[in-house]
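What the coordinates show
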Amino acid sequence: MMSAKPWIITVSVCGFATVALAGIKFVQISQAMALMDSFPPAYETVTVASAEADEWQPSRLLSGTVKSPEYLVISAETPGRIVQLPYKSGDTVPAGAELLVLFDDDVEAQRDALRADLNLVETQLSRNLTLEADSLVSQDQLDILKARKLSLTAQIAALRARLSRMNVLAPFAGTMGIYTQRVGDLMQFGEVLTTLTGLKPTKWIDFKVPQGLADIVVGDNVDIRDVNGSLAGVARVIAVSSAFSQGTRTYDVRAELEAPALKHGSLVQVVVDTGPLENLMSVPKRSVRWDPQGAHVYVVEETEADAFLPHRAAIRRVDVRGESREKMFVSGEITPGELVADRGAFKLEDNLFVSIHVVSKNQ
């Protein structure tokens, strides 16, 4: 019969080894946990800003076009060859100055010939009127001379109008645009030479307002921004269309302001108020974050006295009502004076320790 002693020894050795290994592993785990406990808790470094009580005006940006009240397209009203271009592109011209002169010698010759005929007819008519008193001239002769005078007068007026179309005069002082024609070129009917833009600093801003967006009346003020969003000035509404466009359901509005830097035809942004002024809170744009539940900010609160860091992040739900170039206007679970995370807010989560980084004015 096999002895049980070897089995007892084997089991005893295995049990001893197992206990020894378990003890070693327990010590290792305990040391690892102690090492982990020695590590500092997670935290993030952010800058902070103070939430401020602020006012916000609901508004919409509409596209507008700059128009100069004094703007002329110089074109040929009749075909002809250019004999004078008195001013160069970009020159400033006075009111009444000749801008374009076409060849008109043949027309002037016709006019002078008609004037000579008219002088002869007037002389003959004057003599015959004198003879009429003595019944030495017939009524038919007088009627023919009177009709001839009227005909010549009308022909001279027609030539004078034709000559006026061959010389383009500046109706106001302005700046010549760029043109490519030269003296000697043949101008076709309706061909554009260049433009003339007045020197006055006043500009018109024409824009369209969708139905139901805002009720604008003459005398209202609207902010005008350039295409980069910079304020160009405040324009006063001077005209409002009394009818909607059937195609777009918009009505036309014209505002006026002094803005010499704005060029005729340029595109601008028109800020139109769409509701009453609201009292809200303003925070930096970086402070507002979004998640599936909506917009929120992280308020930096003080922790308990024995905490690892003196500040902790607390999530606050807000409703974003509007924005400007640097801040957002919100309502919700924040009050004036509370510190909200600014730079680095995207790294935070609720109840996370926060280290506040103070930014110097030079940064």
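In what follows, the structure referred to is the one given above.
Let me sum up the structure you'll find in this document. (Residues numbered from 1 in each chain as written. Predicted model: local features only at pLDDT ≥ 70, side-chain atom pairs only at ≥ 80, totals over all residues. Heavy atoms only, no water.)

Turning next to the sheet that holds strand 14 (residues 221–225). The strand order around the closed barrel formed by six strands is 4-13-16-15-14-17, and the pairing between neighbours is antiparallel. Within this sheet the neighbouring strands show an average axis-to-axis angle of 40 degrees, counted without direction. Bridging between strand 13 (residues 202–210) and strand 16 (residues 250–258) involves nine bridges; their strand directions are antiparallel. Along strand 16, the bridge assignment pairs Pro210 with Thr250. (Pairing = 2+ DSSP bridges. Helix = DSSP H or I, 4+ residues; strand = E, 2+ residues; numbered from the N terminus. Axes fitted to C-alpha atoms, helices over the stretch in contact; angles between N-to-C directions.)

Take the packing of aromatic side chains next. Within this structure, the stated rule accounts for one aromatic pair. Its end group placed over the ring of Phe353, Arg312 keeps NZ or CZ at 4.1 Å from the ring centre. (Phe/Tyr/Trp six-rings, centres within 6.5 Å; stacked < 30°, edge-to-face > 60°. Lys NZ or Arg CZ within 6 Å of the ring centre and 35° of its normal.)

Moving on to the nonpolar core. Counting residues in each nonpolar core, the largest one holds 28 residues, and the members touching the most others are Ile74, Leu99, Leu100, Met176, Met187, Leu193 and Leu196. Put simply, the parts of the chain that give this core at least two residues each are strand 8 (98–102), helix 2 (105–132), helix 3 (139–166) and strand 12 (192–198). Of all hydrophobic cores here, the second largest spans 21 residues; its members include Leu62, Ile224, Val237 and Ala255. (Core = buried A, V, L, I, M, F, W, Y, C linked by side-chain atoms within 4.5 Å. Buried < 20%, exposed > 50% of the residue type's maximum accessible area, 1.4 Å probe, protein only.)

For Thr47, the location among the structural elements is in the loop between strand 1 (43–46) and strand 2 (48–50). Judged by relative accessible area, which is 7%, Thr47 ranks as buried.

We now examine the pattern of salt bridges. For the structure shown, the criterion picks out 14 salt bridges. One salt bridge connects Lys347 with Glu44, and the closest N-O pair in it is separated by 3.7 Å. On the criterion of sequence distance, the pair formed by Lys347 in the loop between strand 23 (339–341) and strand 24 (353–356) and Glu44 in strand 1 is long-range, its members being 303 residues apart. For Lys347, a relative accessible area of 34% puts it in the partly exposed group. (Salt bridge = Lys/Arg side-chain N within 4 Å of Asp/Glu carboxyl O.)

Nonpolar side chains collect at one region of the surface, where Tyr71, Val73 and Val192 lie side by side and expose about 240 Å² of accessible area between them. Here Val192 lies in strand 12. Under the relative-accessibility criterion, Val192 is labelled partly exposed at 44%. (Patch = residues over 30% accessible without salt bridge, like charges linked within 9 Å, V, L, I, M, F, W, Y side chains within 5 Å. Areas by Shrake-Rupley, 256 points an atom, 1.4 Å probe, with all protein chains shown as cover.)

For sheets, the rule is that strands pair by backbone hydrogen bonds, running either parallel or antiparallel. Overall, antiparallel pairing links the four strands, which are arranged 5-12-10-7 in an open sheet. Unpaired on one side and paired on the other, strand 5 (71–75) and strand 7 (92–93) mark the two borders of the sheet. Sheet topology note: the strand 10 (residues 174–176)/strand 12 ladder contains three bridges and is antiparallel. Paired with Gly174 across the strands is Gly198, a residue of strand 12.

On their own, these measurements won't tell you what the molecule is for.
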